[in-house]
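Analysis of the macromolecular model
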Amino acid sequence: SAVVRKSVFLDRFYYKLYPNIYVFLIAKSGMKKGVPVTLARNLVTKAGTSRIISGRNSMQRIVQDLGKAFSLENGGVIKDAQGFLVSGELAAFLVKDPDALTILTDLHDTHAYEDVWTNSLKGTGVDKLRSPCLTLLGATNEDHFAEAVPQNAIGGGFIARTFIVFSLEKGKLNSLTEAPTKIVDTSYLSEYLKEVAKMKGEFQWTTASKKTYDKWYYSFMASDANDPTGTMNRIGDQILKVAMIISMAQEPDLILKESHVLEAIDVSTACLAGMQQVTMGAGKSNLAFQTKIVMRELLQQKEHKISRQKLLQKYWGEFDGFDLDTIIETLIGAGAV
């Protein structure tokens, strides 16, 4: 996604769909979520074909930088406003700005600004981004997620455009006192990314991939799910973006095969659970966050059961017995438990 930028697309007839995506990795502190972020940044850096924006930034400075030409180490120049935004801690990446995520939401829809995106401010004048295309990869924990993504961004379209990869469980344990049997060969993979960066043109469907996507689309989109974020309404295009990325990761032939679509459906719909987990309890109720804690605890427990005493012992700093009574009464009334 980061290296191919706006060079390939899938014809959606009313617009061209480009494979730029936004991804958040969310887990508890110390769960090593920064490792894949660093790996991705290193791969794109070694490929040397893309503008990379990391560190601590303001959204306005990012817009200004994207409006300038960028020189690559190989002598090439990127004149368009295309780049890879990457951060191991999302809350530290963007200086607090109520308009930051609104701007990122707007820029995600690459097809809406084929030629230019204009940002006009009284203090700084007019910034024009030529043919913008952004890819975003960030990591954070749930507490910082609430700081980085305010309530208005959850229902305002930003989350609907973002893949949430969420986990409460640790991965494979490894003390790293011995060298791993398998280490990612970044030099080899970055060479392949250089070839991917040369790809240009339109993706083509196969008959099987088209039928597979249609079968999923008409079945899934006919359901009437309660989703205040809008993610489920947008997931069709999101799946196709991922299918293009999977295709390019395997072969540089611009063909969407059935296997690409099937894998894209699996990984994209799996992110729906992550979206629901991190946005649960984001409402205006005084006990919204505490209700989220209770619901998640019940979901994680074997047979979805836990005693009142254990809940109060584990979360004594979050709610008391009176709060828990109110929460359970509300959940029973809603048919949730």
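Above: the structure in question.
Structural notes, computed from the coordinates.

1. Here's the deal with helix 2 (residues 59-66)
- Buried residues of helix 2: Met59, Gln60, Ile62, Val63 and Leu66, and no others. Considered in projection along helix 2, the buried side chains sweep an arc of 160 degrees and stay on one side of the axis.

2. As for the side chain of His108
- Its location among the elements puts His108 in helix 4 (residues 100-108).
- Using a relative accessible area of 2% as the deciding quantity, one classes His108 as buried.
- Filtering out sequence-adjacent residues up to four positions away, His108 remains in contact with Asn20, Tyr22, Arg161, Gln238 and Lys241.

3. Thoughts on the environment of Asp323
- In this structure, Asp323 sits in helix 13 (residues 321-333).
- With a relative accessible area of 24%, Asp323 lands in the partly exposed category.
- A C-alpha to C-alpha distance of 32 Å links Asp323 and Gly157, two positions 166 residues apart in sequence.

4. Observations regarding the pattern of salt bridges
- Going through the model one piece at a time under the given rule, you end up with 11 salt bridges.
- Residue Glu297 pairs with Lys314 through a salt bridge whose shortest N-O separation is 3.2 Å. A residue pair is termed long-range when its members are at least 10 positions apart, and Glu297 in helix 11 (residues 288-300) and Lys314 in helix 12 (residues 308-314) qualify at 17 residues.
- Overall, the relative accessible area of 3% leaves Glu297 in the buried class.
- Taking the relative accessible area as the measure of exposure, Lys314 reaches 51% and is therefore exposed.
- Where salt bridges share partners, they join Asp109, Arg161 and Arg234 into one cluster.

5. As for the layout of surface pockets
- Its volume calculated, the largest pocket comes out at about 1000 Å³.
- Along the walls of the largest pocket sit 31 residues, with Ser1, Ile21, Ala40, Ile245 and Ala249 positioned nearest its centre.
- Within the lining of the largest pocket, the residues separate by chemical class into 28 nonpolar, 2 polar and 1 charged.
- What lines the second largest pocket is a set of 25 residues, and nearest its centre among them are Met31, Lys32, Val35, Pro36 and Lys172.
- When contributions to the lining of the second largest pocket are tallied by element, the ones reaching two or more residues are strand 3 (22-26), helix 1 (34-47) and strand 11 (162-166).
- The class makeup of the residues in the lining of the second largest pocket is 14 nonpolar, 5 polar and 6 charged.

The rules behind each value
- Residues numbered from 1 in each chain as written.
- Predicted model: local features only at pLDDT ≥ 70, side-chain atom pairs only at ≥ 80, totals over all residues.
- Heavy atoms only, no water.
- Buried < 20%, exposed > 50% of the residue type's maximum accessible area, 1.4 Å probe, protein only.
- Helix = DSSP H or I, 4+ residues; strand = E, 2+ residues; numbered from the N terminus.
- Arc of directions from axis to C-beta.
- Contact = heavy atoms within 4.5 Å.
- Salt bridge = Lys/Arg side-chain N within 4 Å of Asp/Glu carboxyl O.
- 1 Å grid on protein atoms, 1.4 Å probe; cavity = no way out; pocket = protein on both sides within 12 Å on 5 of 7 lines; lining within 4 Å.
- Points joined across faces, edges and corners; volume = space filled by probe spheres on them.
- Nonpolar A, V, L, I, M, F, W, Y, C, P; charged D, E, K, R; others polar.

Purely geometric stuff here, so don't read any function into it on its own.
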